[in-house]
Amino acid sequence: MKAVTTSSPPPSGVDVVLPCLDEAEALPWVLARIPAGWRALVVDNGSTDGSADIARGLGASVIHEARRGFGAACHAGLTAATADIVCFCDCDASLDPSLLVPFVDEVAYGRADLVLGRRRPQGRGAWPAHARAGNLALARMLRRRTGLPLRDLGPLRAARREPLLALGLTDRRSGYPLQMVVRAADAGWRVTEHDVPYLPRSGASKVTGTWRGTWQAVRDMNRVLNEAPASVEAGAVRR
């Protein structure tokens, strides 16, 4: 069953999920770039540097997720969201959340069901060689698994909230972004990808800052790729 979408006016509000673990330095830059009228949902995943207080002081809604893991933080934000369209963006200043505006328009007007940002590194150090190599390998496996012509598994993305919840995402670690794409593909969603500038992140990466972290992420994502295809009915986009 193919995803069904219809044209609709732009949403009056959008929720942006920002998984956060010790991002005090990056938060002011990130939150200043949230488009007017949108709500920033900073999901604190056990920060010890005052990130939650900084985010709250800058006007963001703060959610606390005790279970460690990128997927756990992302899903806590998704379940706390109330807007029709939900976006995801890293909270480390490597990606500009204002770039999500055309992504949201594409979803709102029914031209796509899930829009992803393909990261294009800006300057040396923006994307370590080991992290890029792991991403290329996973993207190749993703294309083989889904048939989607994607080149990246970037965290910058937009989709409608209720269909996202209907996908029944279960991964709570590094495989969460990939599982979202795989299950969306199984449900017949229209998935598009657009280039976005990728900046050197603020602070040390919790996932891809080391070969070990990258290997763990690849292992998590490989597990997702080996899952049996989900029912295409479960996450079908309906209006």
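Here, every reference points to the structure presented above.
Residues numbered from 1 in each chain as written. Predicted model: local features only at pLDDT ≥ 70, side-chain atom pairs only at ≥ 80, totals over all residues. Heavy atoms only, no water.

Let us look at the overall build of the protein chain. If you tally the helices and strands in the protein chain, you get eight helices and seven strands. A fraction of 77% describes how many contacts in the protein chain between residues 6 or more apart in sequence connect residues 24 or more apart. (Helix = DSSP H or I, 4+ residues; strand = E, 2+ residues; numbered from the N terminus. Contact = heavy atoms within 4.5 Å.)

With that settled, the discussion passes to the sheet that holds strand 6 (residues 157-160). Read across the open sheet, the seven strands follow the order 3-2-1-4-6-5-7; overall the sheet is mixed. The open sheet has two free edges, formed respectively by strand 3 (61-64) and strand 7 (191-198), since each of these has just one partner strand. When the angles between neighbouring strand axes are averaged without regard to direction, this sheet yields 20°. The pairing of strand 1 (residues 14-20) with strand 4 (residues 85-88) spans four bridges and is parallel. Bridged to Val17 within strand 4 is Phe88. Each of strand 1, strand 4, strand 5 (114-121), strand 6 and strand 7 touches helix 4 (residues 101-108); the most contacted strand, strand 6, lies at about 25° to it. Running at roughly 135° to strand 5, helix 7 (residues 176-186) makes contact with strand 4, strand 5 and strand 6 of the sheet. (Pairing = 2+ DSSP bridges. Axes fitted to C-alpha atoms, helices over the stretch in contact; angles between N-to-C directions.)

A word on unusual backbone geometry. A positive phi is found at Asp22, a non-glycine position, where the angle reads about 55°. For Asp22, a relative accessible area of 30% puts it in the partly exposed group. Not every positive phi belongs to a glycine, and Ala93 is a case in point at roughly 70°. Along the chain, Ala93 falls in the loop between strand 4 and helix 4. (Buried < 20%, exposed > 50% of the residue type's maximum accessible area, 1.4 Å probe, protein only.)

One side chain can pair with another of opposite charge once the charged atoms of both are near each other. Applying the stated rule across the entire model yields seven salt bridges. The partner of Asp15 in a salt bridge is Arg39, with the nearest N and O atoms 3.0 Å apart. In this pair, Asp15 sits in strand 1 while Arg39 sits in strand 2 (residues 39-44), placing the two residues 24 residues apart along the sequence. We classify Asp15 as buried; its relative accessible area is 3%. Judged by relative accessible area, which is 29%, Arg39 ranks as partly exposed. Between Arg56 and Asp53 there is a salt bridge, with its nearest N and O atoms 3.2 Å apart. Of this pair, Arg56 and Asp53 both sit in helix 2 (residues 51-57), separated by three residues, roughly a single helical turn. Residue Asp53 is classed as exposed on the basis of its relative accessible area of 57%. (Salt bridge = Lys/Arg side-chain N within 4 Å of Asp/Glu carboxyl O.)

The subject of this paragraph is the nonpolar core. Within the largest apolar cluster, 35 residues are counted, with the highest numbers of intra-cluster contacts made by Leu114 and Trp189. Ala26, Trp38, Cys87 and Ala93 belong to the second-largest nonpolar core, a separate cluster that totals 33 residues. (Core = buried A, V, L, I, M, F, W, Y, C linked by side-chain atoms within 4.5 Å.)

Buried within helix 4 we find Phe103, Val104, Glu106, Val107 and Ala108. Lining the buried residues of helix 4 we find strand 1, strand 4, strand 5, strand 6 and strand 7. Positive backbone phi, approximately 75°, marks Gly110, located one or two places after helix 4.

The buried fraction of helix 3 (residues 70-80) is high, at eight of eleven residues. For helix 3, the complete set of buried residues consists of Gly71, Ala72, Ala73, Cys74, His75, Ala76, Gly77 and Leu78. Close packing links the buried residues of helix 3 with strand 1, strand 2, strand 3, strand 4, helix 6 (161-166) and helix 7.

Another aspect to go through is the side chain of Arg183. Of note, Arg183 is situated in helix 7. For Arg183, the side chain forms a polar contact with the main-chain oxygen of Gly168, separated by 2.5 Å. (Polar contact = N/O pair within 3.5 Å; in protein donor to acceptor, adjacent residues only side chain to side chain.)

This part takes up the environment of Asp195. Summarising the element assignment, Asp195 is placed in strand 7. Along the backbone, Asp195 and Arg118 are 77 residues apart, and their C-alpha atoms lie at a distance of 4.6 Å.

Here the focus is empty space enclosed by the protein. Applying the stated rule across the entire model yields one cavity of 30 Å³ or more. The space that makes up the largest cavity amounts to roughly 30 Å³. Around the largest cavity sit Phe70, Phe88, Pro155, Arg157, Tyr176, Pro177 and Met180, which together line it. The biggest single contributor to the lining of the largest cavity is helix 7, with three residues. Residue composition of the lining of the largest cavity, by class: six nonpolar, no polar and one charged. (1 Å grid on protein atoms, 1.4 Å probe; cavity = no way out; pocket = protein on both sides within 12 Å on 5 of 7 lines; lining within 4 Å. Points joined across faces, edges and corners; volume = space filled by probe spheres on them. Nonpolar A, V, L, I, M, F, W, Y, C, P; charged D, E, K, R; others polar.)

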